Amino acid sequence: MQANVGRETSPEQVLRRALRRARARFECDARPEPSLRCKADFVLRGRRVCVFVDGCWWHRCPTHFRPPKANARWWKEKISANVDRDRRQTAALVERRWRVVRLWEHEIGTTTPERVVSMILAKQERP
Ligand SMILES: [Zn+2]
């Protein structure tokens with residue numbers, strides 16, 4: 001598990017700064033649809049784009065997730081529930097004509113924030 005608590009620049013902060021630099025209009029940690037129990041890390045209401053920055057551990061990144069040895073079953077269920085909820089939320093948003101951009105936490109560090117931002121602002125799925 002990666003500890004982000006207390007880290008000075010979280011992936012969300014990096015992305016927030018890059019979005020500001022690009023003069024994008026967005027809300028942080030906001031509900032895109034009042035009728036959905038769903039918060040996105042960034043909501044670009046004008047463009048109908050929701051951005052989620054998924055933690056590699058909590059959302060089971062294929063590259064970085066390692067199942068814990070202690071309480072393995074409990075964690076497996078917990079993480080699976082997270083992944084299922086991610087899928088349901090994405091589907092519900094897409095159904096309401098939002099474009100959903102899901103980024104792994106590690107992607108923010110491996111590419112430049114500017115590239116991530118241009119992917120968010122462009123009408124394409126991935127960079
Ligand atoms: Zn990862």
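Below you will find a few notes about this structure. (Residues numbered from 1 in each chain as written. Predicted model: local features only at pLDDT ≥ 70, side-chain atom pairs only at ≥ 80, totals over all residues. Heavy atoms only, no water.)

1. What to know about the pairing of strand β4 (residues 99–104)
Let me state the cut-off plainly: Any residue under 20% of the maximum accessible area for its type is buried, any over 50% is exposed, and the rest in between are partly exposed; the area is computed with a 1.4 Å probe on protein chains only. Numbering of helices and strands runs from the N terminus; a helix is a DSSP stretch of H or I covering at least four residues, while a strand is a stretch of E covering at least two. Whether a crossover is right-handed comes down to one check: with the strands pointing away from the viewer, does the path from the first strand over the helix to the second run clockwise; if it does, it is right-handed.
Counting buried positions along β4 yields five of six residues, so the element is predominantly enclosed. With respect to chirality, the unit in which strand β3 (residues 49–54) leads through helix α2 (residues 72–95) into the neighbouring parallel β4 is right-handed.

2. Some remarks on the coordination of the zinc ion
We count it as follows: Water is not among the atoms examined, so metal sites may look incomplete; donors are the N, O and S atoms within 2.8 Å of the metal, or within 3.2 Å for Na, K and Ca. Labels for metal geometry use angle windows, namely 85 to 135 degrees for all angles of a four-donor tetrahedral site, and for square planar (four donors) or octahedral (six donors) sites opposite donors over 155 degrees apart plus all others within 65 to 115; sites meeting none of these are irregular.
Every protein donor of the zinc ion is accounted for by Cys56 (SG), Cys61 (SG), His64 (ND1) and His106 (ND1), and the metal-donor separations fall at 2.0 to 2.4 Å. Here the zinc ion binds four donor atoms, and the angle range of 104 to 120 degrees at the metal identifies the geometry as tetrahedral. Mapping the donors of the zinc ion onto the primary sequence yields the spacing C-x4-C-x2-H-x41-H. Of the two residues, cysteine 61 is situated in the loop between β3 and α2 and histidine 106 in helix α3 (residues 105–110); the sequence distance between them amounts to 45 residues. Exposure remark for histidine 106: the relative accessible area of 23% places this residue in the partly exposed category.

3. As for the packing of aromatic side chains
Basically, it comes down to this: Note on ring pairs: Phe, Tyr and Trp rings are taken, using the six-membered ring of Trp, and paired if centres are within 6.5 Å. Classes follow the plane angle, with under 30 degrees stacked, over 60 edge-to-face and the rest tilted. A ring is considered to have a charge above it if a Lys NZ or an Arg CZ atom is located within 6 Å of its centre and within 35 degrees of its normal.
Applying the stated criterion across every chain, the model contains six aromatic pairs. Plain terms: the ring middles of tryptophan 57 and phenylalanine 65 are 5.8 Å apart, the flat faces sit at 45 degrees to each other, and that makes the pair tilted. With a relative accessible area of 10%, tryptophan 57 lands in the buried category. Its relative accessible area of 17% is what places phenylalanine 65 among the buried residues. Linked through ring pairs, Trp57, Trp58, Phe65, Trp74 and Trp75 together constitute an aromatic cluster. One cation-aromatic arrangement involves arginine 102 over phenylalanine 52; the distance from NZ or CZ to the ring centre is 4.1 Å.

4. Topic: the packing of helix α1 (residues 11–21) against helix α4 (residues 113–121)
Threshold: Angles here are taken between N-to-C directions and fall from 0 to 180 degrees, while the axes themselves are lines fitted to C-alpha atoms, restricted in helices to the stretch in contact. Working rule for angles: under 35 degrees goes down as roughly parallel, over 145 as roughly antiparallel, 65 to 115 as roughly perpendicular, anything else as oblique. Note: crossing handedness is left-handed where the near helix turns anticlockwise from the far helix by less than a right angle, and right-handed where it turns clockwise. Contacts are assigned to residue pairs that have any heavy atoms within 4.5 Å of one another.
Relative to each other, α1 and α4 sit at 65 degrees, their axes nearing to 9 Å. Accordingly, the angle class assigned to the pair α1 and α4 is roughly perpendicular. The hand of the α1/α4 crossing is right-handed. Contacts from Val14, Leu15, Ala18, Leu19 and Arg21 of α1 reach α4 at Pro113, Glu114, Val116, Val117 and Ile120.

5. Here's the deal with a positive patch on the surface
Selection criterion: Like-charged residues within 9 Å of one another, or nonpolar side chains (Val, Leu, Ile, Met, Phe, Trp, Tyr) within 5 Å, are grouped into patches, provided each residue has over 30% relative accessible area and no salt bridge. Here the open area of atoms and residues is found with the Shrake-Rupley method and a 1.4 Å probe, where only the protein chains shown may cover a residue. In the sections that follow, a salt bridge refers to a side-chain nitrogen of Lys or Arg positioned within 4 Å of a carboxyl oxygen of Asp or Glu. By the counting rule applied here, Lys and Arg register as positive and Asp and Glu as negative, while His and the ends of each chain are not counted. Charged groups are reduced to one reference atom each: NZ for lysine, CZ for arginine, CG for aspartic acid, CD for glutamic acid.
On the surface, a cluster of positive charge is made up of Arg31, Arg37, Lys78, Arg85 and Arg88. Checked against the element boundaries, arginine 31 lands in the loop between β1 (27–30) and β2 (40–44). A residue is classified by how much of its surface remains accessible, and arginine 31, at 42% relative accessible area, is partly exposed.

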